[in-house]
Amino acid sequence: MEYTQFALYLRLHEVRHRCDYHCPFDITLSEPILPAQVETMGNTFSSVPTLDGLPPVKSAGIEDATSKRERTLKYLLRANHHSYAVNNSHSQAFNHLPHTLASAFFLKASVEDIQELYDTESKSLDAWTDSPEEISEADWRCFLGHKSSQRAYLDFFEDELVRLDYDWRRVVMKYMLVGPNPLIYGAMGGLGHPLIHMGYAFELNNREIAMEALVLSATNYNFLHGDLNDDFFLRPTQSHEEGQQGTTALDIINKIRLENRINSLFQDAGAQNIPMLFEDPAVMGLVVDFFRELSFSDIVGTHRDLCKLATILVCAAHPSDSPRYDFLFSQILTISYAIRTLLPQLPHEFARPLLKSHWLFALSVYCAQLRPLLQPELINKVNCDMFTCEEITRIALNRYTTKKKILGGHFLKVVRILLEYAKLWEDDHEFYCRAAIKFTREFDGWS
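Residues numbered from 1 in each chain as written. Predicted model: local features only at pLDDT ≥ 70, side-chain atom pairs only at ≥ 80, totals over all residues. Heavy atoms only, no water.

Caption draft 1: Looking closely at the overall build of the protein chain. Tallying secondary structure elements over the protein chain gives 21 helices and zero strands in all. Per-residue burial for the protein chain yields a buried fraction of 59% across its 447 residues. Total accessible area on the protein chain stands at roughly 18300 Å², and carbon and sulfur atoms take up 49% of it. (Helix = DSSP H or I, 4+ residues; strand = E, 2+ residues; numbered from the N terminus. Buried < 20%, exposed > 50% of the residue type's maximum accessible area, 1.4 Å probe, protein only. Areas by Shrake-Rupley, 256 points an atom, 1.4 Å probe, with all protein chains shown as cover.)

This is how it looks when you write it as structure tokens:
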């Protein structure tokens, strides 16, 4: 497939309203799960083999909780679910409340802080409004990508939840993982919010968040979907050799920064640049060539590499004398944690496609943000000798309490992810502690 053909393929996937549309190229799994199998599968997720080096995230289990903090989180998540839409109609923003509330909860924020976070951040959210149509099992794919259909999708998925005995994992299995072109391959749409939402659904074992994640996946399904196993992404080129062991994601990003053929493509940084990368066949070819350089033979190793890259993008993409933090780069980090949560839960055939989607998203965002110089030494020089994860958490919560309006809930989300990685990977413990200390001390709002 030539680059011009692939550009046509991407554009054809924008024709989302045609129920009889079929992808012109084979990008599906060799043996997709069939819808009929879901009815008798039960909780398939519980039988997924563990990945070496990536244990399952412990579920918070707030549904049967008795403490006031747990009950507060449960009721606020439920209130958000019933009151506020997942997509904001007046902007390109999304409903992040489950992400920020969960992050505050896991960092041991007080009941008062969790409640105040909800009261503050819910002010900018849209209430649910009726959709212009109803959605059924016969036509649910006809409205993919239509944000105006978000209420209809919620009603549809919740009807399915009732039909499948309130087993939200079976609903997720049926609509995220089943058949050709399952929704999970479109979860990078909407800047990865569908995948992030689904990660929190599993970590909190929460059916409301799971249904919201399905709505986000359906309404943000876009041209970047596909499991990226197509020969187009795997075929070596004259300019780059495919996936060499030992080549890190940071090595490849540093090469992209020096690629002068992208210099004049964008005037200003922003997410609006991402589609433009795939409109010019020559530029798209460059992106795909660099994409191919990363090896995916070691699932956990590649995931760790991408988590480290995401941390450097968040914490070390600014001049040494002028700390600045980029919200789009924080999305790459948040997606990495969603994947960390989902990899031990999902059937293993979805692991490489998820990592490939994450890598392509990271490449796209880095280019869209005008390819800043990355300086990992800004993290490595931070002194962490006197700081435990508990002490960093205390400092972050104290700072948040005094500067809530400036820092916002996403501050807590980043701190929490960095500390989780510090606890997960002992040989990188100091790196993630240093990054968490740096971010906690320096962050003063998004650039």
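Caption draft 2: Spotlight on the side chain of N87. Among the structural elements, N87 can be located in the loop between α3 (68-83) and α4 (97-106). Looking at N87, its side chain comes within polar contact range of the side chain of T219, at 3.0 Å. (Polar contact = N/O pair within 3.5 Å; in protein donor to acceptor, adjacent residues only side chain to side chain.)

Caption draft 3: Inspection of the pattern of salt bridges at higher detail. All told, the structure shown has 22 salt bridges when counted by the stated rule. With a closest N to O distance of 3.0 Å, D428 and R304 form a salt bridge. Of the two residues, D428 sits in the loop between α20 (409-424) and α21 (429-442) while R304 sits in helix α14 (residues 299-315), which places them 124 residues apart along the sequence. You can call R304 partly exposed: its relative accessible area is 21%. Between R394 and E391 there is a salt bridge; the shortest N-O distance is 2.5 Å. Of the two residues, R394 and E391 are both situated in helix α18 (residues 389-402); the distance of three residues between them amounts to about one turn of the helix. (Salt bridge = Lys/Arg side-chain N within 4 Å of Asp/Glu carboxyl O.)

Caption draft 4: Structural detail: the packing of α14 against α21. Relative to each other, α14 and α21 sit at 25°, their axes nearing to 10 Å. Classified by the interaxial angle, the pair formed by α14 and α21 is roughly parallel. Crossing hand, α14 versus α21: left-handed. Of α21, the residues touching α14 (which contributes R304, C307, K308, T311, I312, V314 and C315) are F431, Y432, A435, K438 and F439. Split into classes, the residues belonging to the contact of α14 with α21 amount to eight nonpolar, one polar and three charged. (Axes fitted to C-alpha atoms, helices over the stretch in contact; angles between N-to-C directions. Parallel < 35°, antiparallel > 145°, perpendicular 65-115°, else oblique. Left-handed = near helix turned anticlockwise from the far one by under 90°. Contact = heavy atoms within 4.5 Å. Nonpolar A, V, L, I, M, F, W, Y, C, P; charged D, E, K, R; others polar.)

Caption draft 5: Examining the side chain of Q375 more closely. Along the chain, the position of Q375 falls in the loop between α16 (351-368) and α17 (377-380). At 3.1 Å, the side chain of Q375 and the backbone oxygen of H318 are in polar contact. Leaving out residues up to four positions away in the same chain, Q375 has contacts with A316, H318, P319 and S320.

Caption draft 6: Region of the structure containing unusual backbone geometry. Within the chain, K108 stands out as a residue other than glycine whose phi angle is a positive 70°. With respect to the secondary-structure elements, K108 resides in the loop between α4 and α5 (111-121). Look at D165: it is not a glycine, yet its phi comes out positive at around 60°. Relative to the elements of secondary structure, D165 occurs in the loop between α6 (150-163) and α7 (168-176).

Caption draft 7: Seen up close, the packing of aromatic side chains. According to the stated counting rule, one finds 22 aromatic pairs in the structure shown. On the numbers, 5.0 Å between centres and 75° between planes, the contact of W168 with F202 is edge-to-face. With a gap of 34 residues between them, W168 in helix α7 and F202 in helix α8 (residues 193-204) connect regions that are remote in the sequence. Seen from their ring centres, F439 and W446 are 6.2 Å apart, and the 40° between their planes marks the pair as tilted. F439 gets classed as buried once you look at its relative accessible area, which sits at 0%. Looking at W446, the relative accessible area reads 25%, which means it is partly exposed. Taken together, the ring pairs connect Y325, F327, F411, F439, F443 and W446 into an aromatic cluster. Over the aromatic face of F431 sits the side chain of K308, whose NZ or CZ is 4.8 Å from the ring centroid. (Phe/Tyr/Trp six-rings, centres within 6.5 Å; stacked < 30°, edge-to-face > 60°. Lys NZ or Arg CZ within 6 Å of the ring centre and 35° of its normal.)

Caption draft 8: Just the environment of Q331, in detail. Mapped onto the elements of the fold, Q331 is located in helix α15 (residues 327-342). Each C-alpha atom, one on Q331 and one on I196, is 8.9 Å from the other, the two residues being 135 residues apart in sequence. What Q331 contacts, discounting residues up to four positions off in sequence, is L191, H193, I196, F361 and K413.

By themselves, these figures tell us nothing about what the structure is for.
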